[in-house]
Amino acid sequence: CFINFTVIFEKKKYMIYPIILYGNSVLREKCKDIVPSKVDVKTLSEDMFETMHSADGIGLAAPQIGISKRMFVVDGSSLDSEEMKGFKKVFINPKIVDESGEPWEFDEGCLSIPGIRGEVKRKSEIELSYFDENWIQKKECFSGMQARVIQHEYDHIEGKLFIDYLSAIKRKLIKNKLLEISKGNCDVNYNVK
Ligand code: NI
C-alpha cells in the first residue's frame, strides 16, 4: 500500500557511495567548480557525510565518490579532541587565499588509500574563501589540525594525494601496496570501488 512505500522512502533518505580507491583517474583530476543550479549541494553534502561516517573518516572530497567537483565535507566530532569538536562543515568551490605559519609534520591517511600512512609537512595556517551548503559565501581562517584536514581535502579537488609528498624511499616502500590497492585488493570495512 502507499503508506508502506512512504516509509521505505523515508529510510532510504541518504545514499552511501562506494569510496573510489587509489588508481582511479578521477582522483587525479583537477575538479571543476559547482554551478549552483546544476547540483543539489544540500543532498550531496548529506550523502557525503553519511558516506564518510560509514567509513569512519573525518574528511571526504567529491572525487572520492567519483564526482569531479570542487566540494568536500569535514567532521571531526568523532575524534577525542577539543580542537576538532564541532568542526563539521561543507566547503563548496573553496579557494585557499593564503597559507602561512610554521610547517609541521603529521602522519596522514586517506580513505582512498587504505592501510597506508605517511608524514606530511604542511603550513599551520590557512585563509579560505568558500560557499557553505546554503550558498552563503564565507572567508575564514583555520589553523592546526583543522587547517590540515582542509589542506588534505583541498588537495583532493586539485588531483593531489598525500602520498605525493612522501620521500622517494618511502614511496618505493609502499609501491607494491599501492599496486594492490589499485587492483582492489585491500582489507576495509566500507564499500570501495
Ligand atoms: Ni584523502
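Fair warning: this is a prediction, and the values are worked out from it, not measured in the lab.

### Some words on the overall build of the protein
The helix and strand tally for the protein stands at 4 helices and 7 strands. Listing the helices and strands of the protein from first to last along the sequence gives α-α-β-β-β-β-β-β-β-α-α. Judged by the C-alpha coordinates and their principal axes, the protein covers about 65 × 40 × 35 Å. For the protein, buried positions account for 41% of its 193 residues. The long-range fraction of contacts in the protein, counting pairs at least 24 apart against all pairs at least 6 apart in sequence, stands at 67%. Here the protein has roughly 10,900 Å² of accessible surface; of this, 52% comes from carbon and sulfur atoms. Side-chain charges of the protein comprise 29 positive and 30 negative groups, with the mean position of each set lying 6 Å from the other.

### Looking at the side chain of E108
Its location among the elements puts E108 in strand β4 (residues 104–108). With relative accessibility at 4%, the residue E108 sits in the buried group. One polar contact links E108 to R148, side chain to side chain, over a distance of 2.7 Å. Side chain to side chain, E108 and H152 meet in a polar contact 2.8 Å long. Residue contacts for E108: discarding those within four places in its chain leaves I116, R117, G118, V120, R122, R148, H152 and F162.

### Observations regarding the packing of aromatic side chains
The relative placement of two aromatic rings is captured by the distance of their centres and the angle of their planes. Under the counting rule described, the total for this entry stands at 6 aromatic pairs. A centroid spacing of 5.9 Å and a plane angle of 75° characterise the contact between F91 and F142, whose relative ring orientation is edge-to-face. With F91 in strand β3 (residues 88–100) and F142 in strand β7 (residues 137–143), the pair connects residues that are 51 residues apart, well separated along the chain. Here F91 and F142 have matching classes, each one buried.

### Comments concerning the coordination of the nickel ion
Only C110 (SG), H152 (NE2) and H156 (NE2) from the protein coordinate the nickel ion, and they sit 2.1 to 2.3 Å from it. For the nickel ion, all donor residues lie on one chain, and their spacing in sequence is C-x41-H-x3-H. Pair noted here: C110 is in the loop between β4 and β5 (118–122) and H152 is in helix α3 (residues 144–157), with a separation of 42 residues, a long-range link. Neither residue differs from the other here; C110 and H152 are each classed as buried.

Conventions and cut-offs
- Residues numbered from 1 in each chain as written.
- Predicted model: local features only at pLDDT ≥ 70, side-chain atom pairs only at ≥ 80, totals over all residues.
- Heavy atoms only, no water.
- Helix = DSSP H or I, 4+ residues; strand = E, 2+ residues; numbered from the N terminus.
- Buried < 20%, exposed > 50% of the residue type's maximum accessible area, 1.4 Å probe, protein only.
- Contact = heavy atoms within 4.5 Å.
- Areas by Shrake-Rupley, 256 points an atom, 1.4 Å probe, with all protein chains shown as cover.
- Lys, Arg positive; Asp, Glu negative; His and termini not counted.
- Charge placed at Lys NZ, Arg CZ, Asp CG, Glu CD.
- Polar contact = N/O pair within 3.5 Å; in protein donor to acceptor, adjacent residues only side chain to side chain.
- Phe/Tyr/Trp six-rings, centres within 6.5 Å; stacked < 30°, edge-to-face > 60°.
- Donors = N, O, S within 2.8 Å, 3.2 Å for Na, K, Ca; no water.

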